[in-house]
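Results of the structural survey
One-letter residues, chain by chain:
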Number of protein chains: 2
Amino acid sequence: MAKQKISTMKELSEAIGVSRPTLSRYFQDPTSVRPSTSAKIKERLADVDYVYNFLATRQNRKSTELIGVIIPHLEDLFFASLLEAIERHARELGFTIITQSSDGDPQIEEHAVRKLRSMSADGAIIAPLGSESSAELFQWICDDLPIVFADSHPAGNDDCADFVGTDNYQSVASLVEYLCRADEPPYFLGMPLLNTNAFERRNSYAKTMRALGHEPKFIEPAGVDDSWQFEAYGHGIMNHHFSHQRYTDATILCANDRIAIGAIRAANKHGLFARGCESRSALRIAGHDDHPLSRYMYPAVTTVAQDVEGIAKSAVELLVGRIRGERTGDPVRLLKPAALKLRESA
Amino acid sequence: MAKQKISTMKELSEAIGVSRPTLSRYFQDPTSVRPSTSAKIKERLADVDYVYNFLATRQNRKSTELIGVIIPHLEDLFFASLLEAIERHARELGFTIITQSSDGDPQIEEHAVRKLRSMSADGAIIAPLGSESSAELFQWICDDLPIVFADSHPAGNDDCADFVGTDNYQSVASLVEYLCRADEPPYFLGMPLLNTNAFERRNSYAKTMRALGHEPKFIEPAGVDDSWQFEAYGHGIMNHHFSHQRYTDATILCANDRIAIGAIRAANKHGLFARGCESRSALRIAGHDDHPLSRYMYPAVTTVAQDVEGIAKSAVELLVGRIRGERTGDPVRLLKPAALKLRESA
DNA sequence: CTCCCTTTTTTACACATGTAAAAAGTGCAC
DNA sequence: GTGCACTTTTTACATGTGTAAAAAAGGGAG
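Definitions and cut-offs
- Residues numbered from 1 in each chain as written.
- Chains lettered and ligands numbered in written order.
- Predicted model: local features only at pLDDT ≥ 70, side-chain atom pairs only at ≥ 80, totals over all residues.
- Heavy atoms only, no water.
- Helix = DSSP H or I, 4+ residues; strand = E, 2+ residues; numbered from the N terminus.
- Buried < 20%, exposed > 50% of the residue type's maximum accessible area, 1.4 Å probe, protein only.
- Contact = heavy atoms within 4.5 Å.
- Areas by Shrake-Rupley, 256 points an atom, 1.4 Å probe, with all protein chains shown as cover.
- Lys, Arg positive; Asp, Glu negative; His and termini not counted.
- Charge placed at Lys NZ, Arg CZ, Asp CG, Glu CD.
- Domains from an automatic or database assignment.
- Phe/Tyr/Trp six-rings, centres within 6.5 Å; stacked < 30°, edge-to-face > 60°.
- Pairing = 2+ DSSP bridges.
- Expected span 1.5 Å × (residues − 1).
- Near = heavy atom within 4 Å.
- Polar contact = N/O pair within 3.5 Å; in protein donor to acceptor, adjacent residues only side chain to side chain.
- Nonpolar A, V, L, I, M, F, W, Y, C, P; charged D, E, K, R; others polar.
- Least-squares fit on C-alpha atoms with pLDDT ≥ 70 in both.
- Buried area = accessible area lost by both parts, 1.4 Å probe.
- Salt bridge = Lys/Arg side-chain N within 4 Å of Asp/Glu carboxyl O.

In this section: the overall build of chain A. Check the secondary structure of chain A and you find 12 helices and 13 strands. Taking all 346 residues of chain A together, 58% fall into the buried category. Expressed as a percentage of contacts within chain A between residues at least 6 apart in sequence, the contacts between residues at least 24 apart total 70%. For chain A, the computed accessible surface area is about 14,000 Å², with 48% contributed by carbon and sulfur atoms. Side-chain charges of chain A comprise 39 positive and 46 negative groups, with the mean position of each set lying 6 Å from the other.

This is the structure:
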C-alpha cells in the first residue's frame, strides 16, 4: 500500500482537482454531481488513501446515522443473538450500532443512556433492566430521541416508546397447555424478578393453570441470590431440592432456558432422567427462549422459540421509521408469537 | 424533570455565570479551576440538564478516548466474555468501547477496521479472522494507530502489533499429557481452520503426542462445511462416526468446548457415556476454553480454562500503554497459561 | 494600600466537515 | 455566436468544542 495518505477533504479536493463542496456532495450522494465528475472522483479516489472523519461529518449532519443499543448482558446468548440480528438489519439500512452493556447495573445503564445522548445518536434500542429507578431516566431520554424497547419494557412508563418483544402470555400458555396435555401439570421455577418478562411469565403461568383447572404451584428459590447467573440459579435451587428428594418426578416449567439448563444438570447428577432420552422420564423440565445451546443439552430442552430475528427486524424498522419521521403518533406495542419446540426434556 | 434543557456550552456558561473556556477546562479536569469556581459550577450544574456533545469534544481533543474492539462473533460465549471483560477494564480507565462484530466475514472485518479509523479511535483490540486477505489491511491499520491482537493473531504479519492470547502449546500439551496419563492417548478433532488458534492447537497436539511416544491421530471432518457453528460441526462429525460404530470407546480431544458440546450430545444420543458420570466411560471427550456452559453439560466437560480475564486486562493495558505513549518499541507477545479443569467427560 | 501572583475572562483561532448563495463555467439548441 | 439551463466553484458561514495568548480581575502578604 504505497498509496498517498490524505487526511482531510481539503487536501483530497486539491489532489483530485475538484472543489471541496463538490466532494462533500459526492460522498453523501454520488448521483448529485454530474456523471463525468462522479466518475473522475471515483477513479482518482482509488489511487489515494483517504478516510473521511466520522466525528466531523456526523457533527454537522442533521442525522448521525448512529443507533445505540443497550442490553443487560453480552454474556447471554439470547441477548447476543438479538444484538447480532439488530446489527445486521441496521447495517443494511446504513446505520452504525453503538453497543453498551449495562452489566445488570442500573447505574451503568444510566451512564449508557447519557452517553448515547451525548453522542447524538439518532435513536436507541433498549432492553431495559427492571429497576424502578430507571423510569425517570427513560422518560427523559424518550423526550429527546426515538426509542424502541426490546425484549422487556420498563416497569413504570409503558407508553413513552415503542415496544417489541415476545408475547409471554401466548408463549407460556402454549407451554403450559402442552405440558398439561402430555402429563402432569407443571410447577413453575421463576427467574429472578429482574425485568417485566419475569412477572409476565409468572403471571401467564398462573393464569393458564387456573384456566385449565389447576392450582399454580411455585418452586421456592431456597436462598439463591437474585442475579443474571441463571444457570447457577437454576442449578442451585434444583440441586438443593433434588437432594431432599423433592420434585424428583415433577414437571417443571422454567422461566428461561438458562435456568432449565442448570436444572437439567442437577437432575442428571441425581440420575433423574431415564437412560436414552427417547423413553420419557417422570421428571420433565421445560424452558423458554430456545437458547442456542438448548438443543445440545441431554436431554435436549423442550422450550418455546422466541422470534429473535423478527424482534430485531421490527425493532430496527420501528426505530428507523421514527428517525426518518415516517412514523409519528402513539407508541406501538408489537408482541411476537413464540413457537413450541418439543424436544426431549418434557 | 423540569430542569432547564441546555444544549451547548455557550448557553451553559451564560446560565452558570462563568466563561466557556473555564467550563471547558472544568469538564476535562475539575481541579484545574479554582476550588470555589469548581464548587459553583458543580452546584449550578445540578439544576440544569446539560449533556456535552461527544462528537464535538472528541473532534478537537488529541485523544478521543475511544477504543475499537473487533471480534468474529458476538454469538459465541468465549468472545462475549472476552468483550465484557475488555469493556469493564476500559471503562475503569475512562475509555469508551466501540464494538464491531465481523460476523466471520473478512469483508465486514475490513469495513469495521476502516470505520474505526474514520472514527479516530485511539486504538483497537482485534480478534482477527484467519483470512489471508486481511494481512495488508492489518499492516495498514497498524501504521495508523496502536493495535493489540487478542485471542488469535493474523496469519501473515505477526510483528506489526502486540498480541495477547492463550499459550496453545502449553494448554493443549497439558490436556494431552493428562489424557495420556489417565488412559488411552487421544484423537484430535480439530476446529475449522478459521484462525491461528486452529493451527496452533493442532500442531501442539501432534508435537505433544510424539513427545510422549504416540502417533497423532486426527478425526476426519467427513463433509461438514467450515463455519463458526461449532456445536453443529462437532455434533455432525461425531454423530456420523458414532453411527458407524467408530470412535465409540476412544479418547477425543476437541479443539474447543463448543465442538466438544456438540460431540457430547452425539455421544449421549448413542448412549456412549456410562450412567452417572462418576464411573468413567471408555469414551472420553475433552474440550478447550472453559466455555461458560461447559460445567453444565452432562457429563461436564473436562477442558482447560483460558484466562479470559487476564487476556482482557493485559490487552487493555498494553493498548492504553501505547496510546499514552508510555510504551514504545517492539511488539510484545504475551502468552497466558491455561488451567486444566478436570471434570467428568474425560 | 500596593504589589505580585494566581485565576479567570476575553478574544481569537483551530478542527473537519456541512451547506447556502452568488459567481463562474460548461454544453447544447437555435 | 447567442442565450439558456445546468453544474461547479467560490466564498462565506455554521456546528460545538479545544486551546492559546493577552487582558482583566481576584486574593494574600507586606
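Structure shown, so let's carry the discussion forward.
When the domains of chain A are assigned, the result is domain 1 (4-52), domain 2 (66-166 + 308-335) and domain 3 (168-305). When each unit is reduced to the centre of its C-alpha atoms, the spacing between domain 1 of chain A and domain 3 of chain A is 60 Å.

Here the focus is the packing of aromatic side chains. Residues and elements named next belong to chain B. In total, this model carries 20 aromatic pairs over all chains according to the counting rule given. Between Tyr26 and Phe27, the ring centres sit 5.6 Å apart and the planes meet at 70°, which makes this aromatic pair edge-to-face. On the basis of relative accessibility, which here comes to 9%, the residue Tyr26 falls in the buried class. Its relative accessible area of 32% is what places Phe27 among the partly exposed residues.

All names here are of chain A. Of the two faces of strand S9 (residues 251-254), the one lined by Thr251 and Leu253 and the one lined by Ile252 and Cys254 are each fully buried. Note that strand S8 (residues 187-189) and S9 share three bridges and pair parallel. Paired with Phe188 across the strands is Leu253, a residue of S9. Both S9 and strand S10 (residues 284-286) contribute to a ladder of three bridges, which runs parallel. For Thr251, the partnering residue across the bridge sits in S10 and is Arg284.

This brings us to helix H12 (residues 308-323) of chain B. Residue and element names in this part refer to chain B. Across its 16 residues, H12 extends 22 Å between first and last C-alpha, which sits within 8% of the 22 Å expected from 1.5 Å per residue. Along H12, the residues classified as buried are Val308, Gly310, Ile311, Ala312, Ser314, Ala315, Val316, Leu318, Leu319, Val320, Gly321 and Arg322. Immediately downstream of H12, the backbone of Gly325 shows phi near 75°, a positive value.

Looking at DNA strand C, there are 26 residues lining it, with Ser24(A), Asn60(A), Thr22(B), Thr37(B) and Asn60(B) nearest. Sugar and phosphate atoms constitute 65% of the interface atoms of DNA strand C, taking the interface as everything within 4 Å of the protein. Arg61(A) is positioned such that a nitrogen or oxygen atom in its side chain is 3.3 Å from a phosphate oxygen of DNA strand C. The separation between a phosphate oxygen of DNA strand C and a polar side-chain atom of Thr22(B) is 2.5 Å. Counting residues per element, the ones that place at least two in the surface near DNA strand C are helix H2 (20-28) and helix H4 (54-60) of chain A together with helix H2 (20-28) and helix H4 (54-60) of chain B. Partitioned by chemical class, the residues of the surface near DNA strand C number eight nonpolar, 12 polar and six charged.

It is worth spelling out the relation of the copies chain B and chain A at this point. The transform that puts chain B on chain A rotates by 180° and translates by 0.0 Å along the axis, for an RMSD of 0.1 Å. Put plainly, the chains are arranged around a two-fold axis. For chain B, the minimum C-alpha distance to the rotation axis belongs to Leu55(B) and amounts to 2.6 Å. A share of 100% of the interface residues of chain B reappears at the interface of chain A, consistent with the copies meeting face to face through the same patch.

Attention shifts here to the interface of chain B and chain A. Chain B puts 63 residues into the contact, and the matching count from chain A is 63 residues. Carbon and sulfur atoms supply 55% of the area buried between chain B and chain A, which totals about 5,800 Å² over both sides. For the pair chain B and chain A, the number of links is six salt bridges. Glu344(A) is paired through a salt bridge with Lys269(B); the nearest N and O atoms lie 3.0 Å apart. If you look at where chain B meets chain A, you find 24 residue pairs in polar contact (both at pLDDT 80 or more). Those elements that place two or more of their residues in the side of chain B that touches chain A are H4, helix H5 (77-92), strand S4 (96-101), helix H6 (106-118), helix H7 (134-144), helix H10 (230-243) and helix H11 (257-269) of chain B. Tallying contributions element by element places H5(B) first for the side of chain B that touches chain A, with seven residues. Here the residues of the side of chain B that touches chain A are counted per class, giving 26 nonpolar, 15 polar and 22 charged.

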